[in-house]
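Structural description and commentary
So the chains spell out like this:
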Amino acid sequence: MQPRRQHVLLLWLLFYSSMAEALEPISTTIAVGMAAALTGILARYQNIFYYFHECCRPEWISFNITRLKTDLDNKLFGQHIASRIILKAVNGFMSNPNPKKPLVLSLHGWTGTGKNFVSQLIAESVYAEGMHSRFVHVFTSTLHFPHAEHMATYKSQLQQWVRGNVTNCERSMFIFDEMDKMHPGLIDSIKPYLDYYDKLDGVSYRKSIFIFLSNAGGDGIIQTALEFWKAGKNREEIELKDLETTLSLSVFNNNKSGFFHTSLIDKNLVDFFVPFLPLEYQHVVQCAMAEMKARSLEPNPDVADQVARDLVYFPKSERVFSVKGCKTIESKLDFYT
Ligand SMILES: Nc1ncnc2c1ncn2[C@@H]1O[C@H](COP(=O)(O)OP(=O)(O)OP(=O)(O)O)[C@@H](O)[C@H]1O
Ligand SMILES: [Mg+2]
């Protein structure tokens, strides 16, 4: 029950009771008492309603740092850099009661390395309903914006869509998948929402989260990971600074990145570029073990090994990184279990 409806009912009862006042003081007292009791009942109903129906309230939206940390530590494999940045970024943002701008993350890397998976972990740590939340919105370029000739319409639709959703709930989350297939320029249409504005047309975007996913920059990341591997260095020795320059350059200068020369990058509106490393044999084994667990099967290392052995790796001669990351593990497991 909406608070407004409650007020109307209360006013109506008070009005009715004031009419009766002239006639009989005792029934007036009873009417006012009834109105108060009814308001109490309605308030309780309202709480029950909020309890069962997802609303833009802390009962449904509140950040659980322990959950995010545990999930990143235990469920995400081979992504020490991404894991660290994501935890820091989301925690810093969510614990700030008055952020100056929305949180904007751009996740980059080879296919099947966990970009969508991490977005899901973030959503689950913020929204009780996770990816099923009414306040989490996913846009996929090829699905929502397939035709270049409709770009003008897409731009205004996207603006309206984001504005409408943030008006509805300032703690909204927007995930833009396949950014590399997005027409350069489309993302510029929501640029004002990502900027340092207090309010735009009465709407504040400062508590929302925007996540962009793409394969752009993946080649540069692989190159660096391969150099470390060839030099016999531990993968964990790779630091963000080893990847940052190649990443931001390849994203900005790549006309297939979705960010190509956008003012989003020009104006530093992306808070974090998050690199995802290509996955190795050991990570694929971990993914297979996790998948068996998720299916309530006894995790069998021999099966996991078999699944990992059957995947394709590159470069051809060294066979270091899985071509599809952990992406096909789920379907592959059906053959072995
Ligand atoms: N680093 C990882 N740790 C654990 N599981 C992973 C990892 N990477 C991928 N997976 C598993 O593989 C599935 C597919 O990965 P995901 O969809 O996140 O890949 P992606 O990086 O978004 O790839 P693409 O660029 O092709 O969209 C995930 O649902 C998850 O189960
Ligand atoms: Mg993906």
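This section reports on the structure supplied with the text. All values reported here derive from a predicted model rather than from experimental measurement. Going along each chain's sequence as written, the residues are numbered from 1 onward. Chains and ligands are labelled by the order in which they are written, letters from A for the one and numbers from 1 for the other. The model is predicted, so local features are restricted to residues of pLDDT at least 70 and side-chain atom pairs to those at 80 or more, both for listing and for counting; the totals for chains, interfaces and linings are taken over all residues.

**What to know about the overall build of the protein chain**
Test applied: The numbering of helices and of strands both runs from the N terminus, where a helix is a DSSP run of H or I of at least 4 residues and a strand a run of E of at least 2. Buried residues are those with 20 or more other C-beta atoms within 10 Å of their own C-beta, exposed residues have 12 or fewer, and partly exposed residues lie in between; C-beta atoms are placed from the backbone. We call two residues in contact if the C-beta atoms placed from their backbones are at most 7 Å apart.
On a plain count of helices and strands, the protein chain comes out with 14 helices and 7 strands. Here the protein chain holds 337 residues, and the buried ones make up 34% of them. Residue pairs at least 24 apart in sequence account for 76% of intrachain contacts in the protein chain once pairs closer than 6 positions are excluded.

**So, the packing of helix 4 (residues 80-94) against helix 5 (residues 115-126)**
Note the following rule: Throughout, an axis means a line fitted to C-alpha atoms (over the contacting stretch in the case of helices), and angles, computed between N-to-C directions, take values from 0 to 180 degrees. Here roughly perpendicular refers to angles of 65 to 115 degrees, roughly parallel to angles under 35, roughly antiparallel to angles over 145, and oblique to all remaining angles. Two helices crossing with the near one rotated counterclockwise from the far one by less than a right angle form a left-handed crossing, whereas a clockwise rotation gives a right-handed crossing.
Put simply, helix 4 and helix 5 touch, their axes get as near as 12 Å, and they point 30° apart. Considering their axes alone, helix 4 and helix 5 lie roughly parallel with respect to each other. Every pair of crossing elements has a handedness; the one defined by helix 4 and helix 5 is right-handed. Contacts between helix 4 and helix 5 involve Ala82, Ile86, Val90 and Met94 from the former and Val118, Ile122 and Val126 from the latter.

**Examining the site of ligand 1**
The criterion, for reference: Using the backbone to place each C-beta atom, any residue with that atom within 6 Å of a molecule or strand is considered near it. In this classification, Asp, Glu, Lys and Arg are treated as charged, Ala, Val, Leu, Ile, Met, Phe, Trp, Tyr, Cys and Pro as nonpolar, and every other residue, Gly included, as polar. Domain ranges listed in this record stem from an automatic or a database domain assignment.
The environment of ligand 1 is formed by 18 residues, the closest being Thr111, Gly114, Lys115, Phe117 and Cys326. Counting residues per element, the shell around ligand 1 draws most heavily on helix 5, at 3 residues. Within the shell around ligand 1, the residues separate by chemical class into 6 nonpolar, 9 polar and 3 charged. Viewed by domain, the shell around ligand 1 spans two of them, domain 2 (65-276) and domain 3 (281-336), each represented by three or more residues.

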